Amino acid sequence: MSQTQTEDSLWPGLSGLDSRGPYLNASKCGHCGTVMLGQRTRCSRCWAGDKIEAVAVGRRGRVYSRTVIHAAPAGYVGPYTVGYVDLPEGIRVFAHLQAGPDTPAIGDEVQLDIVSLRTTDGQALTGPRYRRLG
Ligand SMILES: [Zn+2]
């Protein structure tokens, strides 16, 4: 797994890019198999801290729930869509979803993109957003 860290990431360290495309950084416990979003030093389930390995997750998932944000906070362009996405690795993540007529519906299979989500002081900040597959 190679990591691509961009200085313009909204959440530095959350995502990466390799030959298969964008992914989310996660940690997997070698004792109980629990997968946790982000880089962890201790398992949130069994508390072991000696067999935690970095893994790439979240290339694809399935929409669990979603909503449209009409009152966009500063730096965001509304309306935009967010929701929970269930990943095959066993994690449910809160993420932006593609907006507009192609917005994924609940139950749709989605694929991860890293796109510009927010602008601060004229600088675009990127983050994960899921789009409908197919
Ligand atoms: Zn564990």
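Residues numbered from 1 in each chain as written. Predicted model: local features only at pLDDT ≥ 70, side-chain atom pairs only at ≥ 80, totals over all residues.

### What to know about the overall build of the protein
Reasoning step 1: For the protein, the count of helices and strands is zero helices and nine strands.
Reasoning step 2: Dimensions of the protein along its principal axes, counting C-alpha atoms only, are 45 × 35 × 30 Å.
Reasoning step 3: Counting only contacts in the protein whose residues sit at least 6 apart along the sequence, the fraction spanning at least 24 positions is 46%. (Helix = DSSP H or I, 4+ residues; strand = E, 2+ residues; numbered from the N terminus. Contact = placed C-beta atoms within 7 Å.)

### Quick word on the nonpolar core
Reasoning step 1: Ranked by size, the top nonpolar core spans 15 residues in total, and within it Y23, V57, V85, A95 and Y130 carry the most contacts.
Reasoning step 2: Contributing elements (two or more residues each) for this core: strand 2 (21–29), strand 4 (52–57), strand 7 (92–97) and strand 8 (109–120).
Reasoning step 3: Not counting chain neighbours up to four residues away, the residues in contact with A95 comprise V82, G83, V85, P128, R129 and Y130. (Core = buried A, V, L, I, M, F, W, Y, C linked by C-beta atoms within 7 Å. Buried ≥ 20, exposed ≤ 12 C-beta atoms within 10 Å, placed from the backbone.)

### Thoughts on the environment of Q111
Reasoning step 1: Tracing the backbone through its elements, the reader meets Q111 in strand 8.
Reasoning step 2: By the C-beta count within 10 Å, which is 17 here, Q111 ends up partly exposed.
Reasoning step 3: Expressed as a C-alpha distance, the spacing of Q111 and T67, which sit 44 residues apart in the sequence, is 18 Å.
Reasoning step 4: If near-sequence neighbours (up to four positions away) are discounted, Q111 is found in contact with R59, R60, Y130, R131 and L133.

### Concerning the confidence of the model for the protein
Reasoning step 1: Confidence along the protein averages 92 in pLDDT terms, with 94% of residues attaining 70 or more.
Reasoning step 2: Contacts of residues 1–6 to residues separated by more than four positions or lying in other chains number ten contacts, the stretch itself having pLDDT below 50. (pLDDT = per-residue confidence, 0-100.)

### Details of the sheet that holds strand 9 (residues 123–132)
Reasoning step 1: Ordered in space as 5-6-7-9-8, the five strands form a closed barrel in which the pairing is mixed. Between one strand axis and the next, the sheet turns by 40° as a mean value, whatever way the strands run.
Reasoning step 2: Taken together, the six bridges between strand 6 (residues 80–86) and strand 7 define a ladder with antiparallel strand orientation. The residue of strand 7 that forms the bridge with V82 is H96. (Pairing = 2+ DSSP bridges. Axes fitted to C-alpha atoms, helices over the stretch in contact; angles between N-to-C directions.)

### Description of the environment of A74
Reasoning step 1: Topologically, A74 is positioned in the loop between strand 5 (60–69) and strand 6.
Reasoning step 2: According to the C-beta neighbour criterion, A74 is exposed, with 7 such atoms within 10 Å.
Reasoning step 3: Distance in space between the C-alpha atoms of A74 and T120 is 8.3 Å, their sequence separation being 46 residues.

### Here we look at the pairing of strand 8
Reasoning step 1: Bridging between strand 5 and strand 8 involves three bridges; their strand directions are antiparallel. Paired with R62 across the strands is E109, a residue of strand 8.

### Examining unusual backbone geometry
Reasoning step 1: Residue P79 is bonded to the preceding G78 through a cis peptide linkage, with omega at -5°.
Reasoning step 2: Here P79 shows up in the loop between strand 5 and strand 6.
Reasoning step 3: In this structure, W47 takes a positive phi of about 70° despite not being glycine.
Reasoning step 4: Here W47 lies in the loop between strand 3 (35–37) and strand 4.
Reasoning step 5: Since 10 C-beta atoms lie within 10 Å of it, W47 is described here as exposed.
Reasoning step 6: With a phi angle near 50°, D121 is a residue other than glycine that sits in the positive phi range.
Reasoning step 7: Checked against the element boundaries, D121 lands in the loop between strand 8 and strand 9.
Reasoning step 8: On the basis of neighbour counts, which here come to 5 C-beta atoms within 10 Å, the residue D121 falls in the exposed class.

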